[in-house]
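Architecture and fold: a report
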Amino acid sequence: MASIAAYYAGKNVLITGATGFMGKVLVEKLLRSCPDVRAIYMLVRPKAGQSMQERVQDMMQCKLFDRVREENPEFHEKIIPISSELTQPGLAISPEDVEKLKACIHIVFHCAATIRFDEHLKHALLLNVIATQQLLGLARQMEKLEAFIHISTAYANCNRRHIDEVIYPPPVEPRKLIESVEWMDESIIRDITPRLIGDRPNTYTYTKALAEYVVQQESEKLNIGIIRPSIVGASWQEPFPGWIDNFNGPSGVFIAVRKGILRTMRANNDAVADLIPVDVVINLTLAAGWYTAVHRPKSALVYNCTTGGINPFHWGEIVKLRIFFSPVVALAFFCLYTYVQYQSAFCQKCKESDMYVNHSKGTRLLLCCTHDWHHTFICNKVQSAYLAGILYKYHVMSTFKRNPLDQAFRRPNANITSNYLINQYWMTVSHKAPALLYDLYLRLSGQKPRMMRIFNRLHKALMLLEYFSNQSWDWNSDNMSMLLGQLSPEDKKIFNFDVRQLNWPEYIENYCIGTKKYVLNEDMSELPAARQHLKKLRNIRYAFNTVLLVFIWRIFIARSQMARNIWYFVVNLCFKFLSYFRASSTLRH
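Residues numbered from 1 in each chain as written. Predicted model: local features only at pLDDT ≥ 70, side-chain atom pairs only at ≥ 80, totals over all residues. Heavy atoms only, no water.

In this section: the overall build of the chain. Helix and strand counts for the chain come out as 23 helices and 13 strands. Long-range contacts, defined as pairs at least 24 residues apart, comprise 82% of the intrachain contacts of the chain with a sequence gap of at least 6. (Helix = DSSP H or I, 4+ residues; strand = E, 2+ residues; numbered from the N terminus. Contact = heavy atoms within 4.5 Å.)

If you want it as structure tokens, here you go:
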């Protein structure tokens, strides 16, 4: 059986959405790993005052193509742009170009879509459903077509908790809905949209579900594969780690937290944040194109491209252990743990336990069963808190601080909670109050206030994400595993989509660096200055907290006999508590 690269040799490929995030990675991967591909046709429209040729030229100048440029400086000769507008009848492709495509295309990769969660229903239908219908109509006329690969989303059926690799019945017949919205006024469509989408959160997931059904209708006439990626993030390995070019999804959240703007978000700490690296999706897409063309499955195969069921990453890992164990608490418990170590605080029952044998002191402490109050507090609580202090440095927030952004507004810090009221409290305290104060400062200094406007946009974006950050889904990935098993050892290396190998701390570290370098275009040589700026913000915070503490002392303690009595009682209780440990340690000796 031919390898994947050998299959694509001499083939003409058509890609929609080629100037988008995933489309660019797909083009780059094809040119680099399948160097003998004959030509890549791209449907491109003029945009933002740029012609079709200018957009393609800008894309090819992107750093993403550096590796291809080194290996083949003439790679641009294989890229053939086709003028098109997906929202127009016939995709606005000229008759000459239609004939050209019908005569030569072997594989179609349909990546184009609107991914805006708050897109107007009519526009979402135009791009995600009607454009797909028209492209399928063109594909049926392609004389040499061997495979049609449609990029959907793992959240197309997010109204279900368990999602198999099948195409589910649509919420409504697409043809009837399209006919209805054609004559409806915009305001009427806006009013009926919530009832139409039902238990789906937005028009994006709704229209993607409709598009899958439209694709399925053609599965008897065409060899079709459907890829369902979850939340697509920065590259894992290819063409280099951490490449990202947009603020969508986790990228915007990471940047907002690192800038010190985002301090709280509503999410379930235990819910899976189903991130999938973009190069994993593209490798699976190219492998699915090869398998669909070579094996010609009897029905459309669906590939759930997710990590949650195989190698999960949770929302709480962004601030892992931060809510319960701050560095100060971890340090305090470390001191207590050190005291316990040197005062021989291991209880006699622990030493006699079978679990005590053949383990280091730390492991003995953690593994011992509970015998009495002393053992419970010392051997379990102290060690657990000590381990929390060790694990603290591995969570995502520490990565943000190691790789800070230039001129951060505040030090990176975040609170993740699923409680609406707690989240509203932190939004008021950590977002709105500082924004109002900063805008007041800008007004007084003669500048235009902007921070409150930034926070309002941020809150709107977070509201759109809440549905996905507060729950988890169970995706079946049998077809993805089957396809991986069909690859040769060499193809498994070149087109790797085995997410079991993904190391999350390393990936998140590269993701953070990628947003700094490629999204914000910040110079990595300025990293020491950015770290120094964070230290300055830390010192300002410490100074503010000290002044606040002195103020509270003067107001509530120095002037109140009751407050002084309570304070002395707490100090005396702590002293007696420590004296108990010293006495119990002496008795054991």
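Continuing now.
All right, on to the pattern of salt bridges then. Scanning all chains against the criterion turns up 19 salt bridges. The closest approach of N and O atoms between Glu 28 and Arg 32, which form a salt bridge, is 2.6 Å. Here the residue Glu 28 and the residue Arg 32 both occupy positions in helix H2 (residues 21-33), the gap between them amounting to 4 residues, near one helical turn. Since its relative accessible area comes to 0%, Glu 28 is described here as buried. Given the relative accessible area of 11%, Arg 32 is considered buried. Residues Lys 102 and Glu 99 are paired through a salt bridge, measuring 3.3 Å at the closest nitrogen-oxygen approach. On the criterion of helical spacing, the pair formed by Lys 102 and Glu 99 is a turn pair, its members being 3 residues apart in helix H5 (residues 95-104). (Salt bridge = Lys/Arg side-chain N within 4 Å of Asp/Glu carboxyl O. Buried < 20%, exposed > 50% of the residue type's maximum accessible area, 1.4 Å probe, protein only.)

Of all the positions in helix H19 (residues 478-486), only Asn 479, Met 480, Leu 483 and Leu 484 are classed as buried. Angular distribution of buried residues about the axis of H19 spans 140 degrees; they occupy a single face of the element. Every exposed residue of H19 that faces more than 90 degrees away from the buried side is listed here: Asp 478 and Gly 485. The elements touched by buried residues of H19 are helix H11 (278-295), strand E11 (301-305) and helix H20 (489-494). (Arc of directions from axis to C-beta.)

In this section: the nonpolar core. In terms of nonpolar packing, the biggest core is built from 107 residues, with Tyr 8, Ile 15, Val 27 and Phe 109 touching the most fellow members. A per-element tally of this core places H11 first, with 11 residues. The residues contacting Tyr 8, other than those within four sequence positions of it, are Val 13, Leu 30, Cys 34, Asp 36, Val 37, Arg 38, Ile 107, Phe 109, Leu 286, Gly 289 and Trp 290. Ranked by size, the runner-up nonpolar core spans 43 residues in total, among them Tyr 41, Ala 131, Leu 177 and Val 215. (Core = buried A, V, L, I, M, F, W, Y, C linked by side-chain atoms within 4.5 Å.)

A few words on the sheet that holds strand E3 (residues 79-83). With parallel pairing, 7 strands are arranged side by side in an open sheet as E3-E2-E1-E4-E5-E7-E11. Here the strands that pair on one side only, and so sit at the sheet edges, are E3 and E11. Going from strand to strand, the sheet's axes swing by 20 degrees on average, the running direction of each strand aside. With 5 bridges connecting them, strand E1 (residues 12-16) and strand E2 (residues 39-44) associate as parallel partners. By the bridge assignment for E2, Asn 12 is matched with Ala 39. (Pairing = 2+ DSSP bridges. Axes fitted to C-alpha atoms, helices over the stretch in contact; angles between N-to-C directions.)

Where helix H10 (residues 250-258) contacts helix H21 (residues 504-519), the two axes come as close as 10 Å, and the packing angle between them is 85 degrees. Here H10 lies roughly perpendicular to H21, going by the angle between them. Counted together, Pro 250, Ser 251, Phe 254, Ile 255 and Arg 258 of H10 and Ile 508, Tyr 511, Cys 512, Thr 515, Lys 516 and Val 519 of H21 form the full contact between these two elements. Residue composition of the contact of H10 with H21, grouped by class: 7 nonpolar, 2 polar and 2 charged. (Parallel < 35°, antiparallel > 145°, perpendicular 65-115°, else oblique. Nonpolar A, V, L, I, M, F, W, Y, C, P; charged D, E, K, R; others polar.)

Looking now at the packing of aromatic side chains. What the rule picks out here adds up to 22 aromatic pairs. Judged by centre distance (5.5 Å) and plane angle (45 degrees), the rings of Phe 240 and Tyr 518 are tilted. Taken as a pair, Phe 240 in the loop between strand E8 (231-233) and H10 and Tyr 518 in helix H21 lie far apart in primary sequence, 278 residues in all. The exposure classification of Phe 240 matches that of Tyr 518, with both residues buried. In this arrangement the basic side chain of Lys 11 is found over the ring face of Tyr 7, its NZ or CZ atom lying 4.4 Å from the centre. The cationic tip of Lys 63 hangs over the ring face of Phe 240; the distance from NZ or CZ to the ring centre is 5.8 Å. (Phe/Tyr/Trp six-rings, centres within 6.5 Å; stacked < 30°, edge-to-face > 60°. Lys NZ or Arg CZ within 6 Å of the ring centre and 35° of its normal.)

Structural measurements only, silent on function.
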